[in-house]
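# Secondary and tertiary structure notes
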Amino acid sequence: MTEPISKEALRTDEWTINMGPHHPSTHGVLRLELTTDGEIVSKARPSLGYLHRGLEKIGERVAWAQFMPFTDRLDYLAGMNCNCAYAWAVEKLAGIEIPERAEWIRVLVCELNRISSHLVAWGSFCADMGAFTPLLYGIREREWVNDLFEMVCGQRLTYNYARIGGVSHDLPPGFLEKTKEFCDYFEPLIDEYNRLITYNKILVHRLKNIGVISARDAIEWGLSGPNLRGSGFAYDIRRAEPYSVYPKLDFNVVVGHADRGTLGDCFDRYLVRIDEMRESVKIVRQVIDRIPDGPVMAKVPRVFKPPAGECYFRAESPRGETGFYLISDGGTNAYRLKIRTGSYMAMNIFEKISKGVMISDIVALIGSFDIILPETDR
Amino acid sequence: MEPVAATVYPNYDSVGRAILEAFPIIDFLPVWLVALVIMVVVAACAIVFILVFEGVGSLVLRKLAGDIQSRVGPNRVGPYGCIQFLADGVKLILKEDLKPAACDRVLFRLAPYLAFVGSCAGLVVIPFAVGMIAADLDIGIYYVMAVSSLVSIGILLGGWASNNKWSLVGAMRGAAQIVSFEIPVAMSIIPVILVAGSLSTQEIVRSQGGLFGIFNWNLFHNPFLFFSFFVYLTAAQAETCQTPFDLPECESELVQGFMTEYSGIRFGYFFLGEFGELFVVCALATAGYLGGWHIPFLDAGNLGWFWGNLLSLGVFLTKTFTLVLVSMWLRWTLPRTRVDQLMRMCWKYLVPLTFFNLLGVSLWLLIFDGKGIPAMIAALFG
Amino acid sequence: MGLREYISDISEAVVTIAKGMRITWKYGVDPKEETTIFYPEERMVMPERTRGFLFNDVARCIVCNMCVKQCPIDCITLESIKGADKKNVLTSYKIDMGRCMHCGLCVEICPPKSLVHTDGYEGSSHTREELIVEFVEDDLATIKARIAAHAAELAKAAKAAEAAGKAPAAPANPAGGEKK
Amino acid sequence: MDLSNINFPTDLVFLWIAAITVGAAVLVCLLPNIIHSAVSLLFALGGVAGLYLFLSADFLAATQMLVYIGGIMMLLLFAVFLSNRIQDVKLSNPARFQLPAAVLCILLFGVLSLVAVTTPFPVKETKYLPTTATIGELLMTRYLLPFEIASVLLLAALIGAAMISRPTRKNPALDQEDGK
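Small disclaimer: the values here were computed from a predicted structure and weren't measured. (Residues numbered from 1 in each chain as written. Chains lettered and ligands numbered in written order. Predicted model: local features only at pLDDT ≥ 70, side-chain atom pairs only at ≥ 80, totals over all residues. Heavy atoms only, no water.)

## Re the overall build of chain C
For clarity, the threshold we go by: Secondary structure elements follow DSSP: runs of H or I of four or more residues count as helices, runs of E of two or more count as strands, with numbering from the N terminus. The rule is simple: take the accessible area with a 1.4 Å probe, protein chains only, and divide by the maximum for that residue type; under 20% is buried, over 50% is exposed, in between is partly exposed. Two residues qualify as a contact provided that any one of their heavy atoms is within 4.5 Å of a heavy atom in the partner residue. For the area figures, the Shrake-Rupley method with a 1.4 Å probe applies, and any residue is considered shielded solely by the protein chains shown.
On a plain count of helices and strands, chain C comes out with four helices and five strands. The linear arrangement of helices and strands in chain C, starting from the amino end, is α-β-α-β-β-α-β-β-α. Classification of the 180 residues of chain C by burial places 34% in the buried group. A separation of at least 24 residues holds for 71% of the contacts in chain C among residues at least 6 apart in sequence. Per element, the accessible surface of chain C, about 11200 Å² overall, is 58% carbon and sulfur.

## A short note on the sheet that holds strand 5 (residues 132–134) of chain C
All names here are of chain C. To keep things clear, this is the line we draw: By definition, two strands form a pair when at least two bridges between them are found by DSSP. Whenever a helix is involved, its axis is fitted only over the stretch in contact; in every case the axis is a line through C-alpha atoms, and angles between N-to-C directions fall within 0 to 180 degrees.
The strand order across the open sheet built from three strands is 2-3-5, with neighbouring strands paired in antiparallel fashion. The sheet is open, and its two borders are formed by strand 2 (76–82) and strand 5, each paired with just one other strand. Strand after strand, the sheet turns through a mean of 20 degrees between neighbouring axes, direction not considered. Where strand 3 (residues 88–96) lies against strand 5, three bridges are found, and the strand directions are antiparallel. Counterpart to isoleucine 95 in the pairing with strand 5 is valine 133. Across the sheet, helix 4 (residues 140–164) is in contact with strand 2 and strand 3; its angle to strand 3 comes to roughly 155 degrees.

## With respect to the packing of aromatic side chains
As a reminder, the rule being used: Each pair of aromatic rings taken from Phe, Tyr and Trp, with Trp reduced to its six-membered ring, is defined by centres within 6.5 Å and is described as stacked if the planes are under 30 degrees apart, edge-to-face if over 60, and tilted in the remaining cases.
Counted according to the given criterion, the structure contains 49 aromatic pairs over all chains. Consider the rings of phenylalanine 233 of chain A and tyrosine 235 of chain A, whose centres lie 6.5 Å apart with planes at 25 degrees: the pair is stacked. By relative accessible area, tyrosine 235 of chain A is classed as partly exposed at 21%. Both rings, one in phenylalanine 181 of chain B and one in phenylalanine 245 of chain B, keep their centres 6.3 Å apart while their planes meet at 35 degrees; by these two values the pair is tilted.

## Overview of empty space enclosed by the protein
All names here are of chain B. This is how it is decided: Both cavities and pockets are sets of points on a 1 Å grid over the protein atoms alone; in a cavity a 1.4 Å probe fits but cannot get out, in a pocket the set is open with protein on both sides within 12 Å along at least five of seven lines, and lining residues sit with an atom within 4 Å of a point. Grid points are joined across faces, edges and corners, and a volume is the space filled by probe spheres set on the points. Following the grouping adopted for this structure description, the nonpolar residues are Ala, Val, Leu, Ile, Met, Phe, Trp, Tyr, Cys and Pro, the charged ones are Asp, Glu, Lys and Arg, and the polar ones are all others, Gly among them.
With the rule as written, the count across this model stands at eight cavities of 30 Å³ or more. The volume enclosed by the largest cavity comes to roughly 120 Å³. Around the largest cavity, the lining is made up of 13 residues, and of these Val151, Ile155, Phe258, Glu274 and Glu277 lie nearest the centre. A total of four residues in the lining of the largest cavity trace back to one element, the largest contributor, which is helix 11 (residues 264–289). Residues belonging to the lining of the largest cavity are distributed by class as follows: seven nonpolar, three polar and three charged.

## Some points on the packing of helix 5 (residues 105–120) of chain B against helix 11 of chain B
Residues and elements named next belong to chain B. To be explicit about the condition: By definition in this entry, angles of less than 35 degrees are roughly parallel, angles greater than 145 are roughly antiparallel, angles of 65 to 115 are roughly perpendicular, and the rest are oblique. Crossing handedness follows the turn of the near helix against the far one: under a right angle anticlockwise gives a left-handed crossing, and clockwise gives a right-handed one.
Taken N-terminus to C-terminus, the directions of helix 5 and helix 11 make an angle of 20 degrees; their axes are 7 Å apart at the nearest point. One finds that helix 5 runs roughly parallel with respect to helix 11. Viewed along their axes, helix 5 and helix 11 form a crossing whose handedness is left-handed. In this structure, helix 5 uses Phe108, Arg109, Ala111, Pro112, Tyr113, Ala115, Phe116, Ser119 and Cys120 to contact helix 11, whose residues at the interface are Arg266, Tyr269, Phe270, Leu272, Gly273, Gly276, Glu277 and Val280. Class assignment for the residues of the contact of helix 5 with helix 11 results in 11 nonpolar, three polar and three charged.

## Details of the packing of helix 8 (residues 165–196) of chain B against helix 13 (residues 339–367) of chain B
Residues and elements named next belong to chain B. Between helix 8 and helix 13, the shortest axis-to-axis distance is 9 Å and the interhelical angle comes to 15 degrees. The orientation of helix 8 with respect to helix 13, classified from their angle, is roughly parallel. Pair helix 8 / helix 13 crosses with left-handed handedness.

## Description of helix 5 (residues 133–153) of chain A
Cut-off, in case you're wondering: Working rule for helices: expected span equals 1.5 Å times residues minus one.
Taking 1.5 Å as the rise per residue, helix 5 of chain A with 21 residues should run 30 Å; its terminal C-alpha atoms sit 30 Å apart, in good agreement. With its phi angle positive at about 95 degrees, glycine 154 of chain A sits one or two positions after the end of helix 5 of chain A.

## Topic: the side chain of arginine 142 of chain A
All names here are of chain A. What counts here: Counted as positive: Lys and Arg. Counted as negative: Asp and Glu, with His and the chain ends omitted from the count. Within this document, salt bridges are pairs made up of a side-chain nitrogen of Lys or Arg and a carboxyl oxygen of Asp or Glu, the two lying within 4 Å of each other.
Inspection of the secondary structure assignment puts arginine 142 in helix 5. No salt bridge is formed by the buried arginine 142; its nearest oppositely charged neighbour, glutamate 143, is found at 5.0 Å. Excluding its chain neighbours within four sequence positions, the residues that come into contact with arginine 142 are Leu77, Ser116, Leu119, Val120 and Leu157.

## So, the sheet that holds strand 6 (residues 309–317) of chain A
Residue and element names in this part refer to chain A. Across the sheet, which stays open at both edges, the three strands sit in the order 6-7-8 with antiparallel pairing between neighbours. A single partner strand is all that each edge strand has here, and the edge strands are strand 6 and strand 8 (336–340). Averaged over neighbouring strand pairs, the angle between their axes works out to 10 degrees when direction is ignored. In the sheet, strand 6 pairs with strand 7 (residues 320–328) via nine bridges, with the strands oriented antiparallel. Paired with phenylalanine 313 across the two strands is phenylalanine 324, which belongs to strand 7. In the packing of helix 3 (residues 79–94) onto the sheet, contacts are made with strand 6, strand 7 and strand 8, and the angle to strand 6 comes to roughly 150 degrees.

## Side note on the pattern of salt bridges
All names here are of chain A. Inspection of every chain in the model, using the stated rule, returns 47 salt bridges over all chains. For glutamate 143, the salt bridge identified is with arginine 156, shortest N-O distance 2.6 Å. Of the two residues, glutamate 143 is situated in helix 5 and arginine 156 in the loop between helix 5 and strand 4 (162–163); the sequence distance between them amounts to 13 residues.

## Digging into the nonpolar core
Short version of the rule: By nonpolar core we mean a set of buried residues, namely Ala, Val, Leu, Ile, Met, Phe, Trp, Tyr and Cys, connected to one another through side-chain atoms within 4.5 Å.
Among the nonpolar cores identified, the biggest contains 236 residues, and Tyr161, Tyr270, Phe324, Leu326 and Ile362 of chain A together with Leu157 of chain B are the most heavily contacted of them. For leucine 326 of chain A, the residues in contact, after removing those within four places along its chain, are Trp64, Tyr86, Ala89, Val90, Leu93, Gly309, Glu310, Cys311, Arg336 and Leu337 of chain A. Counting 23 residues, the second largest nonpolar core, distinct from the first, contains Cys71, Leu90, Val107 and Phe135 of chain C.

## Brief notes about the environment of asparagine 81 of chain A
All names here are of chain A. Examined against the element boundaries, asparagine 81 turns out to sit in helix 3. Residue classification places asparagine 81 among the buried residues on the basis of a relative accessible area of 3%. Separated by 50 residues in the primary sequence, asparagine 81 and arginine 31 place their C-alpha atoms 26 Å from one another. Filtering out sequence-adjacent residues up to four positions away, asparagine 81 remains in contact with Cys110, Asn113, Arg114, Glu316, Ser317 and Pro318.

## Topic: the state of the cysteines
When the sulfur atoms of two cysteines share a covalent bond, that bond is a disulfide. Definition in use: The disulfide criterion is simple: two cysteine sulfur atoms within 2.5 Å.
The full count for this structure, using the stated rule, is zero disulfides over all chains. This cysteine, cysteine 183 of chain A, is not joined by any disulfide, and cysteine 110 of chain A carries the nearest cysteine sulfur, 15 Å off. Judged by relative accessible area, cysteine 183 of chain A falls into the buried class, the value being 0%. Among the cysteines around cysteine 75 of chain C, which has no disulfide bond, cysteine 71 of chain C carries the closest sulfur, lying 3.7 Å off. Cysteine 75 of chain C gets classed as buried once you look at its relative accessible area, which sits at 5%.

## Structural notes on unusual backbone geometry
Outside of glycine, negative phi angles account for most residues, and trans bonds account for most peptide bonds. Phi is positive for asparagine 160 of chain A, close to 50 degrees, though the residue is something other than glycine. With respect to the secondary-structure elements, asparagine 160 of chain A resides in the loop between helix 5 and strand 4. According to the relative accessible area criterion, asparagine 160 of chain A is buried, its value standing at 0%. If you check the backbone angles, aspartate 74 of chain C has positive phi at about 50 degrees while not being a glycine. Turning to its location among the elements, aspartate 74 of chain C is positioned in the loop between helix 2 (66–70) and strand 2.

Honestly, that's just the spatial picture; any functional story needs more than this.
Below is the structure:
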């Protein structure tokens, strides 16, 4: 007697694949435990901590000013943003007014760094998708920005440029002209990138409708930065909670608009970064035109002891909100230092949205979140 | 039945005959020994050719990548890095041949040879020049399709024997992809067979001869063939796992897929096999659509043994290498598809298109009595 | 999926791929686009502010210990002994270049500006010990002898001054070694 | 000298190919690892292709390669690799009825040998002639109906396989793309 074959009899086993910590597409040492049924992923659990260095504890042990070089290591692609965010946070805690020119310089370098960070994000995302050439183009343009930063602070990756009370050096002569030159060179290239790969049919089909995050989910899971704006929610700390000289600047908050596929998919997050580069160039141009003269460093005592108290300061870094929560007991170092980063928050929702995608889409998801592992693990 | 063209090219059928003509002294030796010697020589020629092609090809691939990506590429070994490939080859041979502790030792060793043999056996029927073909098999193209199925077996076994889950995923993708894309590749070369009326590659090339230059190519025979050429190139790109479709070995997802655990010369065999396959599909495209070794406005058969072969070989290799370059150019431009999209492309786009083409070409041949557009235009002007 | 969509799908793919290939072609045929610097033969001109390896001009160093305190990762160690004129004299000034993160905080704080960044960036070595750079060239015995000589000189000067009945003019401190 | 009349030590090559075929076939039965068995089946099928070549059936040999090695072996390997816990299956069945089986085998072997030895095979001079055109013509004229019936059967099998393997779990993202 034969029984009809039921679907249950044809069930296939799931298997667990270990993706990372050594895997080219996990952008460092992210480890994912994939449970897959063939190519379909039923569960992807991120396992963090392979790059944990105890930065927050270090911050409680070294003096306020000495923590600045460590913030470079927080997000190595956007050191300037982390530098400035920490400086702004300490200044908010201590109530220091910094000179006008220093604020403008900080905004300038932050936006330049946003461009270079997004370039790497774009390039490595494309490399994950199999197109190797955009990565090299992105790195090529990033070298310009690195040259500029080397002029201004002497380093190409770990800048350590901001100081509590200002910035370490004034802009060198010729810097603004070179920056303007870079803007003129770079702005048409964004259109070229779009022609090269953004609207390429293969890329569009790889990214659209994958990893859809609704605006509500994005808020509930605490996403920030381009990952949140990719879901169509216009929340930019530079606008929502303005700091520094951002209120005086004219720029748009880029949001995803379901260009192809669904709102909040990987392609929207990708496009947000591309368009943000344009906005950053716009800001850089305004800063070049309007930057005032003056000192770049406020008077800060050599043994710096902020009054006892606590503060939270958030800044918009390329990977979302970079927030510093500081508690001072009036001593030379922080009583408690807590860092909130965009990449870590993006990892939370990973398990939720990676259900039912394919193995290739896992790579797309990681790339679209643009995570930096030192930032998630700290 | 005797092919008509064989009477036109009486003595240039194969390398074997060429060797016999060049060294009449071997007439004294026993026949089976001569045959054996000829087989070995021809096989050695093919292997040496594929080695040199692989070396130069990998160098050109890297140089091209450098040019496209605003870099330089290899430039240290020799002037402009021109002997980099020798250094690479020596490195591949000397490298330690690692085997994973838990691999299946027999199959792990067997797999690279299968892949290599499968892709390079196709060289046998490539018509390099007017008299240069290892064996002018009567089933030429069918033979290529048959032996290239060994590649998928090699990939599958290699991925499984590595005892690595990523390799297995790559092997499964590779096998499924190669098996699927064999259909559009075969279906898009069938129109050429229809036009030539033979499966023999040399016969197909000869059918495109004549003094019209490039307008005798099958590419311009009729619109369906023109379209079919591009379908063939796309499908061949997928069958050889070149970049937009390099799913079995995509380094950003599967970390080289089935090749992950291979090192040293075993990796080298896979690598050679990949390049060999690339050459074979491009050479078939040249032979089938781009007139093969035909020198425009010249009759290679009348140029004498030496010059005829040399010039036609040059023409054939130029055309083939152009196609190889296009494939590399694509490789450095495009992102990679996903596996389901790849299959969708195969079954929903390429396969129906090839059937459509096949129908179109058959009808064309039926209606216009086998004449192509250039021939009809020529007839119009007398 | 209608036939029209089917065909537009194919044509869109072809058009976007062709656009991309045009750009790679543009870069591929243009030799001027190469941005590589042939490093050992050509070198980048380092900007003025480059934070390369640290260098301490021990002749000017005042042994204030500020750099040691400022360094967030404690890669600077110095040892000193009391000099003849109550000033500290360096006997050892070591920087572990393997740990130094080139943040520049020590340079900024250095009062006599004797600690500077050079523009050097080539410092590979076979062992970690080789990365610990010692800036004081003389060994301890030499320095002690020099201090003793200085002390004797000072004493002589003091005696002479006592004899002359007026304050002596202290000679320059020679203990730091000669400038490199 | 005419190549078409080359007289190999034909028997030697034939024996070699036959040995490969038979040896691989024996290994299929004897190897403990089912995947090794599958791979030796590959060699057995390849050997059969070689035998076809000996019968001057080049088209058939290529078909053997294409269908059996490219298609059936592939499916076999897929099935073996992907089977649920294949390693747990008891590979060597507990041998029962050994004696009757042996008797049956010997009888069968005897009968076959007898037939092979006693049958007068008409030996013809082998002439290597192209067979492709003839086969094609026969398939399209005389054997058209069987050919078409086989096609319909295969098509039915194909559709059935597609139906069975249709995924139950749906990926909304993929569906959206499909459903255009």
